[in-house]
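Residue-level structure breakdown
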Amino acid sequence: MALTPQNNEAFLREVDEELRKEQAAALAKRWGLAIAILLVVGLAVFAGYLFWRHQQNEAAGREGEQLQLVWDELAANNAAKASPELAKLAGSGAPGYRAVALFTEADLLLQKEDLKGAAAKFGAIAADTSLAEPFRQLALIRQTSAEYDSIKPEQVVERLRAIAVPENPYFGSAGELVAMAYLKQNRRDLAGRLFGQIAQAEQVPASIRQRAVQMAGVLGVDAVPAEAGTKEDVTKQ
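Presented here is an overview of the structure given in this document. Residue positions are given per chain, counted from 1 along the sequence in the order it is written. Two thresholds apply to this predicted model, a pLDDT of at least 70 for residue-level local features and 80 or more for giving and counting side-chain atom pairs, whereas whole-chain, interface and lining totals are computed over all residues. By convention in this description, side-chain values take in all heavy atoms of the structure and omit both hydrogens and water.

Turning next to the side chain of Glu176. Within the secondary structure, Glu176 sits in helix α7 (residues 171-184). Apart from the residues lying within four places of it in its own chain, the contact partners of Glu176 are Phe171, Phe195, Ile198, Ile208 and Arg211. The secondary structure listing takes helices from DSSP runs of H or I that are at least 4 residues long and strands from runs of E that are at least 2 residues long, numbered from the N terminus. In this analysis, two residues are considered to be in contact whenever any of their non-hydrogen atoms come within 4.5 Å of each other.

Dropping the structure here:
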């Protein structure tokens, strides 16, 4: 007896379903153990990651408390007691705490007028590629400032040229050092132009802008300070 179209379609669906079941059974028989192992390994890795994150958070909390204790000791003029703890933090696996500890150590050396030691600390931060770029740039500026009288003006310009640009947040500090290096090279035109840019940069601290205005004037550059430009614009509106 011939199958009707409806019966034929139902028969094909049954055959197709049985075929899929056989394929699934064969797949499970062949790969079931491997899949189970992968699942177990995946769960173990995930659990290990969660444990590692927990350990990292606990370590960060301990280091934060340790840093606060260091600052408390320094505020109480107990640098000798704070130094060992600072040394531990300087070896921290957390980049932020390591950078802050190194900066603090360098500042303590500056207080002792140990410019060479401070420059070495700042240099270590500047060379640490695991740290964020703002940390490294600030450290390079501080290192150059500490070494300014002992290195050639060409080295100052070479180090800080990329930072001494108006769009950089450290433009004022880096630009001032570069402009002074230009003066040592007797490149008064470049120095005056840079001082003029610093004077007109609103993001630069007022104390640096004021010095820049004075220096630009001495060099024959008419530099309008940022505050004056702002007041003039407001008046015109």
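This part covers the nonpolar core. By size, the foremost hydrophobic cluster in this structure holds 46 residues, and its most contacted members are Val156, Leu160, Val178, Tyr182, Leu194, Phe195 and Ile198. For this core, the secondary structure elements donating two or more residues are α2 (79-90), α3 (95-111), α4 (115-126), α5 (133-147), α6 (153-160), α7, α8 (188-199) and α9 (206-218). In this structure Val178 touches Val156, Val157, Leu160, Ala164 and Leu194, once residues within four positions along its chain are discounted. By convention a nonpolar core is built from buried Ala, Val, Leu, Ile, Met, Phe, Trp, Tyr and Cys residues, the set being connected through side-chain atoms within 4.5 Å. Accessibility here uses a 1.4 Å probe with only protein chains present; expressed as a share of the type maximum, an area under 20% marks a residue as buried, one over 50% as exposed, and anything in between as partly exposed.

Now for the packing of α7 against α8. Helix-helix packing is described using two parameters, namely the angle between the two axes and the distance between the axes. Packing of α7 against α8 leaves a shortest axis separation of 8 Å and a crossing angle of 160 degrees. Judged on the interaxial angle alone, α8 and α7 are roughly antiparallel. Crossing hand, α7 versus α8: left-handed. Counted together, Phe171, Gly172, Gly175, Glu176, Val178, Ala179, Met180, Tyr182 and Leu183 of α7 and Arg188, Leu190, Ala191, Leu194, Phe195, Gln197 and Ile198 of α8 form the full contact between these two elements. In the scheme used here, Gly and all other residues not listed as nonpolar or charged are polar, with Ala, Val, Leu, Ile, Met, Phe, Trp, Tyr, Cys and Pro taken as nonpolar and Asp, Glu, Lys and Arg as charged. Split by residue class, the contact of α7 with α8 holds 11 nonpolar, 3 polar and 2 charged. To get an axis, fit a line to the C-alpha atoms, keeping to the stretch in contact for a helix; angles then go from 0 to 180 degrees between the N-to-C directions. Orientation is classified from the angle alone, with under 35 degrees giving roughly parallel, over 145 giving roughly antiparallel, 65 to 115 giving roughly perpendicular, and any other angle giving oblique. The sense of a crossing depends on the near helix, which, turned anticlockwise from the far helix by less than a right angle, makes the crossing left-handed and, turned clockwise, makes it right-handed.

By salt bridge we mean one thing: a side-chain nitrogen of Lys or Arg within 4 Å of a carboxyl oxygen of Asp or Glu. On inspection of all chains with the given rule, the structure shows 7 salt bridges. Ionic pairing is found between Arg161 and Glu158, a salt bridge with its closest N-O pair at 3.3 Å. Looking at Arg161, the relative accessible area reads 46%, which means it is partly exposed. By relative accessible area, Glu158 is classed as exposed at 55%.

Our focus in this paragraph is α9. Each residue after the first adds 1.5 Å to the expected span of a helix. Between the first and last C-alpha of α9 there are 19 Å, a value that for 13 residues agrees with the 18 Å anticipated at 1.5 Å per step. The complete set of buried residues in α9 reads Ile208, Arg209, Ala212 and Ala216. In a view along the axis of α9, the buried residues occupy a sector of 95 degrees, so they form one face of it. Facing away from the buried side of α9 by more than 90 degrees, the exposed set consists of Gln210, Gln214 and Val218. Following α9 by one or two positions, Gly220 has its phi on the positive side, about 80 degrees. Arc definition: it is the arc formed by the directions from the helix axis to the C-beta atoms.

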